[in-house]
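Summary of the model geometry
Now for the letters of each chain:
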Amino acid sequence: MTIYLDHNATTAIKPPVIEAVAGVMRDTGNASSVHAAGRSARAHVEDARRHVAALCRADAKGVIFTSGATEANNTVLKHFASGRILTSGIEHPSVIEAVAGTERIPVSQNGIVDLSALKKMLEGGASLVSVMLVNNETGVIQPVAEISKLAKATGARVHCDAVQAAGRIPIDITALGIDYLTLSAHKMGGPQGVGALVTVAGAPPVKLIHGGGQERRQRAGTENIAGIHGFGIAAAAALADMEAYHKLASLRDAIEARIDGITVFGNKSPRVANTTCFALEGVPADTQLMALDLAGICVSSGSACSSGSVKPSHVLEAMGIAPALATAALRVSLGWNTTAADIETFIETYTRLKKTWQK
Ligand code: PMP
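Attention shifts here to the overall build of the protein. Of regular secondary structure, the protein possesses 15 helices and 15 strands. Here the C-alpha atoms of the protein give a radius of gyration of 21 Å, agreeing with the 21 Å that 2.2 N^0.38 yields for 359 residues. Taking the principal axes of the C-alpha coordinates as reference, the protein spans close to 70 × 55 × 40 Å. A total of 359 residues make up the protein; the buried ones form 55% of that total. Residue pairs at least 24 apart in sequence account for 70% of intrachain contacts in the protein once pairs closer than 6 positions are excluded. A total accessible area of about 14,900 Å² is found for the protein, and carbon and sulfur atoms account for 56% of it.

Structure below.
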């Protein structure tokens, strides 16, 4: 049996979501049609909009459904492309690669955006600051409310990719003081290929996909009714299950405490409960990943293998982690269906394999 510990890449769909999506797929109806079938599809979209809004304490009017977080991030970044954009070096590629010429806010060794460096950079003025709420590789929570305060004092707009925060920590779009927030359904027990861009009242409207008048003329294209419906159910469940999610911290902490000789990244900073990123120096990440895969355990490497050589992840690089350590980094991310038995097997398997790697 496979033990899946790569929930930051995508998490298992919760059973009620599968039921809901399958149910809606049996219906015919375009949410733009005025007849009964269309109105039924529309009702699913509007219910989902309320659930997604509730997850981040936003006004449902500000929620626009997209094809995922990549599209939502691109929509915001491209809108501000003619101005100066500041992002951190630990952002997801869908932020970093969205627009050429964006500038990087430095990050500490503990994986947190450097506020004093940001303050200095803002002296030159900026149109947009984009910083994620939770990093996907380390799980470190970023000081987004403080970042917003600094940025807003200079007149910059603020965007936050909250993909890895949703369902793990409470999100309050007003308390964060931001203008735009990105979410993705498949990181919270919903289907892949659907996400949302949440905009607060008063922020400039941003638009990437032109065509029909869907989503209050903000995002053209026939709505993915089944996906959006599943997203809504997943968002409601994520909110209801957040207390239970926090319990994953004790399983994550057991991994870090019981495996000797590893270097854990970001563990001195506030982190979400489900993520650990650690290195076993001297053992390349791909060697570890493949051996674990053969043993039936799915994790992710904190590095990218390109043209035969292992390159450190841009996140660990931005944190100033030495390449020798960064190329030996794994990310283990737990999910709502991870059990204590899964983690026991992981610890035992890793400890056994470690002896063979270090012989
Ligand atoms: N941002 C972050 C922080 C992510 O972890 C991911 C998914 N790996 C994305 C954006 C992209 O999300 P999607 O798959 O919905 O495009």
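Quick look at the nonpolar core now. By size, the foremost hydrophobic cluster in this structure holds 69 residues, and its most contacted members are Val129 and Leu181. No other element matches the seven residues that helix α9 (residues 225–240) contributes to this core. Residues lining this core come from more than one domain, with at least three contributed by each of domain 1 (3–11 + 246–357) and domain 2 (15–240). In contact with leucine 181, other than residues within four places in its own chain, are Cys56, His159, Cys160, Ala162, Ile171, Ile173, Leu176, Ala196, Leu197 and Val198.

Once that is clear, we can look at unusual backbone geometry. For arginine 57, which is not glycine, the phi torsion reads 50 degrees and is therefore positive. Following the sequence through the fold, arginine 57 ends up in the loop between α2 (36–55) and β2 (63–66). Phi at arginine 216 takes a positive value of approximately 50 degrees, unusual for a residue other than glycine. Secondary-structure assignment places arginine 216 in helix α8 (residues 214–217).

All right, on to the domain arrangement of the protein then. Here the domain parsing of the protein yields domain 1 (3–11 + 246–357) and domain 2 (15–240). If you average the C-alpha positions of domain 1 and of domain 2, the two centres end up 27 Å apart. Taken together, the contact pairs 26 residues of domain 1 with 28 residues of domain 2. Buried surface at the junction of domain 1 and domain 2, summed over both partners, amounts to about 2,200 Å²; 54% is from carbon and sulfur atoms.

On to helix α15 (residues 340–357), then. Residues three or four positions apart in an α-helix share a direction because the helix packs 3.6 residues into each turn. With 18 residues, α15 should cover 26 Å at 1.5 Å per step; its first-to-last C-alpha distance of 25 Å lies within 8% of that length. Lining the buried residues of α15 we find β1 (3–4), α11 (248–258), β10 (275–279), α12 (285–294), β11 (297–298) and β15 (329–333).

Contact pair α11 / α15: the axes reach a minimum separation of 10 Å and the direction vectors enclose 15 degrees. When the interaxial angle is binned, α11 and α15 end up roughly parallel. Helix-helix and strand crossings are classified by hand; for α11 and α15 the assignment is right-handed. Mapping the contact onto sequence places Leu251, Ala254, Ile255 and Arg258 in α11 and Ala340, Ile343, Glu344, Phe346 and Ile347 in α15. Classifying every residue of the contact of α11 with α15 gives seven nonpolar, no polar and two charged.

Our focus in this paragraph is the sheet that holds strand β12 (residues 300–301). Each strand in a sheet pairs with another by means of backbone hydrogen bonds, the pair being arranged parallel or else antiparallel. Here four strands make up an open sheet; going across it, the order is β9-β10-β15-β12 and the pairing antiparallel. Since the sheet does not close on itself, it has two edges, and those belong to β9 (263–264) and β12, each with one partner. This element, α11, spans β9, β10 and β15 of the sheet and lies at about 15 degrees to β10.

Rolled over the atoms, a probe sized like a water molecule indicates the empty space that remains. Across all of its chains, the model carries one cavity of 30 Å³ or more by this definition. Estimates place the volume of the largest cavity at around 120 Å³. Contributing to the lining of the largest cavity are Thr11, Lys14, Ala166, Gly167, Arg168, Lys187, Met188, Gly189, Ala238, Asp241, Tyr245 and Trp336. Residues belonging to the lining of the largest cavity are distributed by class as follows: five nonpolar, three polar and four charged.

Turning next to the pattern of salt bridges. Inspection of the entire model under this criterion finds 15 salt bridges. Residues glutamate 46 and arginine 49 are paired through a salt bridge, measuring 2.8 Å at the closest nitrogen-oxygen approach. Of the two residues, glutamate 46 and arginine 49 both sit in helix α2, three residues apart, roughly one turn of that helix. Residues participating in the shared-partner salt-bridge network are Arg42, Glu46, Arg49, Glu215 and Glu223.

It is worth spelling out the site of the ligand at this point. Near the ligand lie 14 residues; those nearest to it are Thr70, Asp161, Gln164, Ser184 and Lys187. One of the side-chain N or O atoms of threonine 70 is found 2.6 Å from an oxygen atom in the ligand. In the model, a nitrogen atom of the ligand is placed 2.6 Å from a nitrogen or oxygen of the aspartate 161 side chain. Looking at which element gives the most residues to the shell around the ligand, the answer is helix α3 (residues 69–79), with three residues. Grouping the constituent residues of the shell around the ligand by class yields three nonpolar, nine polar and two charged.

As a further point, take the side chain of glutamate 215. With respect to the element layout, glutamate 215 can be found in helix α8. A distance of 2.7 Å separates the side chain of glutamate 215 from the backbone nitrogen of phenylalanine 65, its partner in a polar contact. When near neighbours in sequence (up to four residues on either side) are disregarded, glutamate 215 contacts Val45, Arg49, Val63, Ile64, Phe65 and Glu223.

Cut-offs applied
Residues numbered from 1 in each chain as written. Predicted model: local features only at pLDDT ≥ 70, side-chain atom pairs only at ≥ 80, totals over all residues. Heavy atoms only, no water. Helix = DSSP H or I, 4+ residues; strand = E, 2+ residues; numbered from the N terminus. Rg over C-alpha atoms; globule rule 2.2 N^0.38 Å. Buried < 20%, exposed > 50% of the residue type's maximum accessible area, 1.4 Å probe, protein only. Contact = heavy atoms within 4.5 Å. Areas by Shrake-Rupley, 256 points an atom, 1.4 Å probe, with all protein chains shown as cover. Core = buried A, V, L, I, M, F, W, Y, C linked by side-chain atoms within 4.5 Å. Domains from an automatic or database assignment. Buried area = accessible area lost by both parts, 1.4 Å probe. Expected span 1.5 Å × (residues − 1). Axes fitted to C-alpha atoms, helices over the stretch in contact; angles between N-to-C directions. Parallel < 35°, antiparallel > 145°, perpendicular 65-115°, else oblique. Left-handed = near helix turned anticlockwise from the far one by under 90°. Nonpolar A, V, L, I, M, F, W, Y, C, P; charged D, E, K, R; others polar. Pairing = 2+ DSSP bridges. 1 Å grid on protein atoms, 1.4 Å probe; cavity = no way out; pocket = protein on both sides within 12 Å on 5 of 7 lines; lining within 4 Å. Points joined across faces, edges and corners; volume = space filled by probe spheres on them. Salt bridge = Lys/Arg side-chain N within 4 Å of Asp/Glu carboxyl O. Near = heavy atom within 4 Å. Polar contact = N/O pair within 3.5 Å; in protein donor to acceptor, adjacent residues only side chain to side chain.

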